[in-house]
Amino acid sequence: MAGATTREEAPIYAVPLPQYGVAARKYVTEFIGAFFLTFAVAVAALSGSTFVPLAAGATLMVMVYAGGHISGGHYNPAVTMAALVRRRIGARDAAAYVVAQVVAGVVAGIIARAVVNPGAVRTLTLSGHTEAAAAVVELLVTFALCYVVLNVATSKDQPGNGFYGLAIGFTVAAGAFAVGGISGGVFNPAVALGGATAGLFGWSTIWVYLVVQLAAGIAAGLTFLALNPGDK
C-alpha cells in the first residue's frame, strides 16, 4: 500500500532552522508516515481483518494530510522515485527518504508481529502464474498511485487543492480491494519489506515487488513529464 504527496510549503519560524534541522524534520516525518502505514497494514493482515484495504487507504490519507506540509508525505520509495524523475526532489533527499521509509517499514513489521503474535501466519509466496500476475497488478496499481500523486499534489494546475489526501488514500484502497487477492495489494517497497519482516510475504520473491514498484514510479514520473511539458 503505498503513497503520498510532494506538496510542500515553507514553514514559518520565529528563528529560521539550520539546514540540517529542516532536513531532519523531513526525514523524521517520512519515517513516522511510513511506519504507521506499514503498521496498520501488518496488524490488520496478521489479525485476520477483512478491512486491510480500508486500513491502508485511511492511514495513508491521514498521514499525507499530517505530514505533507513538512516532507511532501511520500511514505513510499516508489512515490519518491516518481518525484525524483519529475524533478520535485533532489537525489540526496530522495536517498534519505528511501532509507527512512524502508527502516520504518521493517520496524513496523517487527512490532506488528510482536503485538499480534499469531499462532500461524499465512505467508504469500509467488510462483509460476501467480508471480507473473502479481508483478503485473503491482506494476499497474503502483503506477496509478504515483501518477495520481504527481497530478493532484505536485501539478502547478492544481495549487492549494484540499482533496489530494483523499485522492491518494482512495487510490490505495481501491487498488487493494481490486488486486489484494492476487498480490496482497502492496504498491510500496517499504510496506513490502515490512510485510516480509512480519511474515506476510516470502523473502524469496520479495524482489518482484521491489523491482516492479520502483519501475512503476519511474514510469509515472516520465509519463507526467510527457503529459505536462510546461510543468517542470
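Definitions and limits used
Residues numbered from 1 in each chain as written. Predicted model: local features only at pLDDT ≥ 70, side-chain atom pairs only at ≥ 80, totals over all residues. Heavy atoms only, no water. Helix = DSSP H or I, 4+ residues; strand = E, 2+ residues; numbered from the N terminus. Lys, Arg positive; Asp, Glu negative; His and termini not counted. Charge placed at Lys NZ, Arg CZ, Asp CG, Glu CD. 1 Å grid on protein atoms, 1.4 Å probe; cavity = no way out; pocket = protein on both sides within 12 Å on 5 of 7 lines; lining within 4 Å. Points joined across faces, edges and corners; volume = space filled by probe spheres on them. Nonpolar A, V, L, I, M, F, W, Y, C, P; charged D, E, K, R; others polar. Contact = heavy atoms within 4.5 Å. Core = buried A, V, L, I, M, F, W, Y, C linked by side-chain atoms within 4.5 Å. Buried < 20%, exposed > 50% of the residue type's maximum accessible area, 1.4 Å probe, protein only.

## A look at the overall build of the chain
- Broken down by element type, the chain carries eight helices and zero strands.
- Along the chain, helices and strands appear, N-terminal first, in the series α-α-α-α-α-α-α-α.
- Across the chain, the mean location of the 11 positive side-chain charges is 2 Å away from that of the 8 negative side-chain charges.

## Examining the layout of surface pockets
- Computed from the structure, the largest pocket encloses a volume of approximately 680 Å³.
- If you go around the largest pocket, you meet 29 residues; those closest to its centre are Ala45, Arg122, Gly180, Gly184 and Leu200.
- Secondary-structure elements contributing two or more residues to the lining of the largest pocket are helix H1 (19-46), helix H2 (52-71), helix H6 (164-183) and helix H7 (189-197).
- Examining the composition of the lining of the largest pocket, we find that five residues originate from one element, H1, more than from any other.
- Within the lining of the largest pocket, the residues separate by chemical class into 18 nonpolar, ten polar and one charged.

## Some details on the side chain of serine 155
- Structurally, serine 155 is set in the loop between helix H5 (128-153) and H6.
- For serine 155, the contacting residues outside a window of four places in its chain are Arg86, Leu150, Phe224 and Asp231.

## Description of the nonpolar core
- If you look at the biggest cluster of nonpolar residues, it comprises 50 residues, and the most contacted ones within it are Leu60, Ile168, Phe201, Ile206 and Tyr209.
- Those elements that provide at least two residues to this core are H1, H2, helix H3 (77-85), helix H4 (91-116), H5, H6, H7 and helix H8 (206-227).
- Sort the elements by how many residues they give to this core and H5 lands first, with ten residues.

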